[in-house]
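Coordinates in review
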Amino acid sequence: MNIFTKEIDLGDGRKVSIETGKLAKQADGSVVLRQGNTMLLATVCSSKDSNPEADFMPLTVEYQEKYYANGRFPGGFLKREGKPSEHEILTARLIDRALRPLFPKDYHSETFVNVFLISADKETMPDAYAGFAASCALAVSDVPIQEFISEVRVARVDGKMVINPTFEQNEKADIELVVGATYDNILMVEGEMNEVSEAEMLDAIKAAHEAIKPMCTLQKELAEEMGITKREYEPEISDPELKEKIDKELYQKIYDTAKLALPKHERADAFDKIKEDFEASLGLTEEELEEKKLLIDRYFDDSLRTAVRRLILDEGIRLDGRKTNEIRPIWCETDVLPSAHGSAIFTRGETQSLATCTLGTKLDEQIIDDVLEQGRNTFLLHYNFPPFATGEAKASRGVSRREIGHGNLAHRALKKVLPSPEENPYTIRVVSDILESNGSSSMASVCGGCLALMDAGVKLRKPVSGIAMGLITDTESDKYAVLSDILGDEDHLGDMDFKVTGTRDGITACQMDIKVDGLSYEILAKALQQAKEGRAHILGIMLQTIAEPRADYKPFVPRMEKFSIAKDYIGAVIGPGGKVIQEIQADTNTVITIDEVDNQGIVCIAAVNKEDMERATARIKAIVAEPEVGETYKGKVTSIQSFGAFVEILPGKEGLLHVSEIDWKRIENVEDVLHEGDEIEVKLLEVDKKSGKLRLSHRELLPKPEGYVERPARPEGERRPSGDRRQGGFNRGGDRNDRGGNFRGGDRRGGNGNGNFRPRNNGGENPQA
């Protein structure tokens, strides 16, 4: 083995090593990145056969975290890794967005990049190193990339910028960004913030870029030490004469059409008509035209790109006629779906989102069982982009990676303003269905989602809006134009796609992809400032629709109530096999959950109406209530004995109503006055300090007859008459199997050990089971 190793210091004593030549040697390039006990294996394979007729870079990036890396088994029946999780998809997208600009524009070979987490520790966040590992694999391969990149996560913790923070540090951060860059240029930014200023965000990007530069230098040195040479490849087919003809004959027609400010589909039809007329003018046979079709489409798109960019730079006119800082017309509406907990429509130009908010209970929480992260998620945001949103006639085939990425951006934007768990007991799900799209549907999801949350009555700390920005540059003349609220075509033809969300006070999330070299921080600062103005404009229109969250939830939204109980009572409320809690839920039409937090049981009850909530609350509080001496209770006779009756005064808590305490007059036979199931008011006279047994009285609640004389107390030491061993209500010594006795020891039947429980009856049935 010919092993090469390079090492870099992150600046705080942590070392990152890159090793190649030991694992996966049959791949075109492979490296193992190690930081502490975290290890990533990155490989790249690129086909030797290119497709010269292709007009895109067929790059596929996969990121997978192996469960064995953390000594865990995967869940499910199969017990093996399956389809990628959302976290893995999002990480793969971050890698892809930074790597894609590295390839030559005419390189069209199928290329696959795989990054596996093969060892992990509980401190290091491995996704922060995945882009670096992937670029190193490309650096040691013969795949013809033009530059080297790296990615880092930058977090501001206690006012200081930290590169690749630990999990614990990241939890405390008020800025968290993943930045991808070459030595000279920023390529990709994505992250979330706690309402920070534009200047603070730029400071974080600059800190990340400084950390990336040594990583790019390491890759260059490693490739030179290994003597790497890049492969020759077949360039894409070309026809300079055809390109010149299209530029000469069609450029002005395209320019003039772009200037007409037509709607999206009319504009597309007009451009297609120009191209079709040109194809007809060539006088080619159908077979000849088919051979030239790919090149005609490519050169026409090149002329279209040039014409639209010159129109913006030279005349300040955009495809839809707007000025560079102008926002498309906006209209909003809330409460559009009568049965949804919250709903809204947000429409900006030809982009429209139908957003809904659903409020659920703890049982609706998303369970997270990733390799390094386990827990529960109480806020979900799902973004759907059906084909009809752009007028396409095709079927939907599951959730795409793009939909997951756009939904994640909107999720990051809104989660920063949600109320605390103490203020909001609900699990929240926001869904954004895109009904029309012509640019920045993810930002429409942020705005629509915010309106739907407010319509549902969720007490957001502040409303949030979002905007997508674009950039057109001319490196020869140093001209540039920052575009607010970009169209889909402007995204495709421009040099930057920059989405930013926030409140009036600061930024909550951003996503940036830069397609041009040499973008200065001054231009970036101007784009951020223009975005701030655009966000404020959009937010103002949103607040005209709904100025603040609804004062109360809608009538059909489940109400939530939380209260705490003693830890010892959790089992009593749940019951054997969940019998008690299930019975309460069925009887009261509620959903009840209990969690143990800080040695207390936290009970959460969800009910659609107040009456059900009160009934469920009363039953649980009755179970956990402690009997108080001197209090009067309405109890139920559970069994009759010769010496008295057992009465349940609270759920699971019985006491002895001795025959002498039923009435002031003498009762010879208990069954003459009481029967099982009878309800009777009793007063708690005494709780035995040792056993916790309860002594009850009914006669204390009755008027005392005139002239009534109490029996004199038996002198101490005098034997009780035969047949009267149990008079008085307590069997102090006695036989545990005696029907009149009560247990002193702990609860054998699911209680808490403090109640007054009877032994089994003659038939062997346990009346408390």
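This section reports on the structure supplied with the text. The structure displayed is predicted, hence computed values, not measured ones.

What counts and what doesn't
- Residues numbered from 1 in each chain as written.
- Predicted model: local features only at pLDDT ≥ 70, side-chain atom pairs only at ≥ 80, totals over all residues.
- Heavy atoms only, no water.
- Helix = DSSP H or I, 4+ residues; strand = E, 2+ residues; numbered from the N terminus.
- Rg over C-alpha atoms; globule rule 2.2 N^0.38 Å.
- Buried < 20%, exposed > 50% of the residue type's maximum accessible area, 1.4 Å probe, protein only.
- Contact = heavy atoms within 4.5 Å.
- Areas by Shrake-Rupley, 256 points an atom, 1.4 Å probe, with all protein chains shown as cover.
- Lys, Arg positive; Asp, Glu negative; His and termini not counted.
- Charge placed at Lys NZ, Arg CZ, Asp CG, Glu CD.
- Salt bridge = Lys/Arg side-chain N within 4 Å of Asp/Glu carboxyl O.
- Pairing = 2+ DSSP bridges.
- Phe/Tyr/Trp six-rings, centres within 6.5 Å; stacked < 30°, edge-to-face > 60°.

Quick word on the overall build of the chain
For the chain, the helix and strand inventory stands at 14 helices and 29 strands. By the compact-globule yardstick of 27 Å for 769 residues, the chain is too spread out, its C-alpha radius of gyration being 37 Å. Within the chain, buried positions represent 52% of all 769 residues. Within the chain, contacts between residues separated by at least 24 positions form 68% of all contacts whose residues are at least 6 apart in sequence. Carbon and sulfur atoms provide 47% of the accessible area of the chain, an area that totals close to 37200 Å². Of the side-chain charges in the chain, 102 are positive and 132 negative, and the distance between the mean point of each set is 7 Å.

Considering the pattern of salt bridges
Tallied over the full model, the rule gives 67 salt bridges. A salt bridge links R14 to D12; the shortest N-O distance between them is 2.9 Å. Look at R14 and you get buried, because its relative accessible area is 19%. Exposure remark for D12: the relative accessible area of 48% places this residue in the partly exposed category. Of the charged contacts, one joins D495 and R305 as a salt bridge, the two residues approaching to 3.5 Å between their closest N and O atoms. Linking D495 in the loop between α10 (488–493) and β20 (496–503) with R305 in helix α7 (residues 286–315), this pair joins segments that are 190 residues apart in sequence. A relative accessible area of 4% places D495 in the buried class. Residue classification places R305 among the partly exposed residues on the basis of a relative accessible area of 33%.

Focus on the pairing of strand β7 (residues 150–157)
Consecutive side chains along a regular strand alternate between the two faces of the sheet. With 8 of 8 residues buried, β7 is to be regarded as a mostly interior element. With 7 bridges joining them, β7 and strand β9 (residues 175–181) adopt antiparallel strand pairing. Pairing of S150 across the sheet is with A181, part of β9. Sheet analysis places β7 next to strand β8 (residues 160–163), joined by 4 bridges and oriented antiparallel. Residue pairing across strands places V157 opposite K160, the latter belonging to β8.

Observations concerning the packing of aromatic side chains
For the structure on display, the rule yields 6 aromatic pairs. Judged by centre distance (6.2 Å) and plane angle (35°), the ring pair of Y251 and Y255 falls under tilted. Within this pair, Y251 and its partner Y255 are both found in helix α5 (residues 240–258), separated by 4 residues, close to a single helical turn. For Y251, a relative accessible area of 25% gives the class partly exposed. Between Y426 and Y553, the aromatic rings sit 5.0 Å apart at their centres with planes inclined by 75°, giving edge-to-face as the arrangement. You can see Y426 sitting in the loop between α8 (401–415) and β17 (427–436) and its partner Y553 sitting in the loop between α11 (521–545) and β22 (559–566), a full 127 residues away along the chain. The pair Y426 / Y553 is uniform in exposure class, with both members buried. One aromatic cluster is present, built from ring pairs that chain together F103, Y107 and Y233.

Notes on the pairing of strand β28 (residues 679–687)
Across 5 bridges, strand β25 (residues 632–641) lies against β28 in antiparallel orientation. Counted as the bridge partner of K634 is E681 from β28. Note: β28 against strand β29 (residues 694–697), 4 bridges, orientation antiparallel. In the sheet register, V687 faces β29, and the bridge partner there is L694. Between β28 and β29, which pair antiparallel and follow one another directly, the connecting turn spans 6 residues, one of which, G692, has a positive phi of 80°.

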